[in-house]
Every structure is written in C-alpha cells, then in structure tokens.
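These are the residues of each chain, in order.
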Amino acid sequence: MNTFLGFSFRDVLTITEPTSKKLWAKQGFHGGCGINQYIKVVPTSYSLLEEIEFRAKGRKDLRMLDLCCNIGRHSQYLFDKGFSNLYGVDVNTDCGKYQDKYFPQLAKKGTYFWLPVEEYLPTVKDNFFDIVFTHGLSISHITSRYNLPRDLARITRKYVIMANVKLTDGPHSRFWLTEFQRYGLVPIKLLQPEKEWCPKSAFNRAHALLVLKKIPKA
Ligand SMILES: C[S@@+](CC[C@H](N)C(=O)[O-])C[C@H]1O[C@@H](n2cnc3c(N)ncnc32)[C@H](O)[C@@H]1O
C-alpha cells in the first residue's frame with residue numbers, strides 16, 4: 001500500500017477531519033511529535049504551572065487531571081511540589097512505558113489512562129476533578145465530533161486551565177470560548193502575548209493561557 005511518512009493515505013485523510021488520534025497514537029519516542037520532545041518543561045509550561053499553584057491555594061490534595069498528558073512532564077513538576085492526587089490521559093500508549101522510565105514515582109503514585117480523551121472522559125463521574133489542565137495545542141487535536149466542552153464542564157468542579165493553546169484555529173474549526181461558556185465554564189483569565197512565539201510557524205498565537213471557572217447551574 002502507498003504510504004506517506006509511514007501512514008497510509010487513508011490515515012492521512014482521516015487526520016484532516018475525524019480525528020488526529022491515529023497520528024498521535026503512533027508517534028513513538030523519536031517521531032515528528034515524539035515523546036522525546038515532552039520530557040522537560042518549557043517556558044510556556046511555567047505559565048500553566050504557576051497558575052495551577054495559584055488556583056490550588058496550597059491544597060496539595062486537590063484531584064487534578066492532566067489532559068493529553070503525554071508522559072506527564074507537568075504532572076511530574078506538580079508531584080515534586082507535593083501534589084498527591086494526580087491523574088492523566090493520553091492516546092499514545094507508548095507513553096506508559098516511557099513514563100515508567102522517566103517519571104517512575106509519578107507512574108506509581110498517579111493514575112494514568114492511555115486512551116483517547118473521547119473514550120476516557122465519558123467514563124468519569126460528575127465533578128470528579130477539582131482542576132483539569134492541559135498544555136500544548138492538545139485540545140486542537142480532539143475531533144469536533146466529540147463534545148469536549150460539555151464533558152470538561154461536567155467532570156470539573158473548580159477550574160480548567162490551559163496553556164499554549166490555540167483558541168481560534170487548528171485542524172477542527174471551533175469557537176472554544178463560546179462552546180465552554182455554553183456549558184458553564186466561564187473564562188476568568190485569558191493572556192495572549194503581543195509578540196508571536198514562533199513567527200514563521202503554524203504555532204503562532206499558540207501559547208494563550210486560559211483559565212475557565214466552573215459556574216454551577218442554578
Ligand atoms: C502537543 S502534545 C502535548 C503533550 C503534553 N500536554 C505536554 O505538553 O507535555 C499533544 C498530546 O495530545 C495527545 N493527544 C492527541 N489527541 C488525543 C486524543 N484524542 N486523546 C488523548 N490524547 C491525545 C498526544 O498523544 C500528545 O501527547
């Protein structure tokens with residue numbers, strides 16, 4: 001069968017609308033977006049991590065979900081700071097193996113699911129997580145056929161915090177802020193830098209920091 005970068009043409013077509021799940025699930029360690037790129041925290045990580053600590057107000061037992069966590073570099077940082085109730089989900093099943101290698105304590109003490117978000121979130125109880133966070137274009141990869149804002153609002157008790165996210169474009173056309181608000185996730189902070197982070201790349205404006213607060217329905 002004809003292939004392109006190791007994917008069949010059917011895979012490549014599938015990436016464009018239904019989901020990019022297949023592409024991510026196959027990245028391995030050295031792929032174009034391989035696990036080796038997600039081991040160390042990067043400058044945009046700190047806006048996320050400082051915001052999480054600020055919102056947690058010293059409560060280290062808050063239950064938190066690292067959405068599209070890869071091997072969990074941000075969870076590992078929080079673990080080192082004493083946060084003890086950490087969960088994560090990522091579609092790339094290789095992440096489990098590399099998490100064991102790079103972050104063995106986190107792998108042992110945390111709860112990780114190597115599944116697509118679209119399969120995991122519907123199984124989570126209402127208000128299960130105090131904080132859900134994500135970093136790095138991750139929500140842009142979720143298919144628009146899955147109602148991510150609705151499930152995020154359902155499973156979150158306090159805050160959804162996102163850094164390095166694209167809010168206006170991506171493989172799937174979305175109106176994220178409108179969609180989140182429809183389900184009771186109200187933006188209370190949105191920071192977008194004046195200067196582009198990578199002026200020549202597709203990741204322009206990709207590093208917004210967004211904090212959504214859950215306003216329970218009356
Ligand atoms: C840009 S990486 C960011 C990883 C991580 N948030 C970080 O900053 O270290 C995007 C991640 O989203 C994951 N991903 C993509 N689509 C997914 C899906 N449908 N369900 C779960 N994870 C997904 C990929 O496997 C990848 O680890």
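Cut-offs used in this document
Residues numbered from 1 in each chain as written. Predicted model: local features only at pLDDT ≥ 70, side-chain atom pairs only at ≥ 80, totals over all residues. Core = buried A, V, L, I, M, F, W, Y, C linked by C-beta atoms within 7 Å. Buried ≥ 20, exposed ≤ 12 C-beta atoms within 10 Å, placed from the backbone. Helix = DSSP H or I, 4+ residues; strand = E, 2+ residues; numbered from the N terminus. Contact = placed C-beta atoms within 7 Å. Pairing = 2+ DSSP bridges. Axes fitted to C-alpha atoms, helices over the stretch in contact; angles between N-to-C directions.

A. Quick peek at the nonpolar core. Residues M64, I131, V132, F133 and I161 are the most contacted members of the largest nonpolar core, which totals 42 residues. In terms of residue count, the dominant contributor to this core is strand 7 (residues 156-165) (six residues). Look past the residues within four positions of V132 in its chain and what remains in contact with it is L65, L67, L152, I155, T156 and V160. In this structure, I35, Y38, Y98 and L106 belong to the second largest nonpolar core, which totals seven residues.

B. Layout of the sheet that holds strand 5 (residues 111-113). Strand order in the open sheet formed by seven strands is 5-4-3-6-7-9-8, and the pairing between neighbours is mixed. Each edge of the open sheet carries a strand with a single partner, namely strand 5 and strand 8 (185-191). Averaged over all neighbouring strand pairs, the angle between strand axes comes to 15°, with direction disregarded. Examined bridge by bridge, strand 3 (residues 64-67) and strand 4 (residues 86-89) share four bridges and lie parallel to one another. Across the sheet, residue D66 finds its bridge partner in strand 4, namely G88. Of the strands in this sheet, strand 6 (129-135), strand 7 and strand 9 (208-214) are in contact with helix 3 (residues 43-56), which crosses strand 7 at around 165°. The strands that helix 4 (residues 73-80) touches are strand 3, strand 4 and strand 6; relative to strand 4, the one it contacts most, it runs at about 175°.

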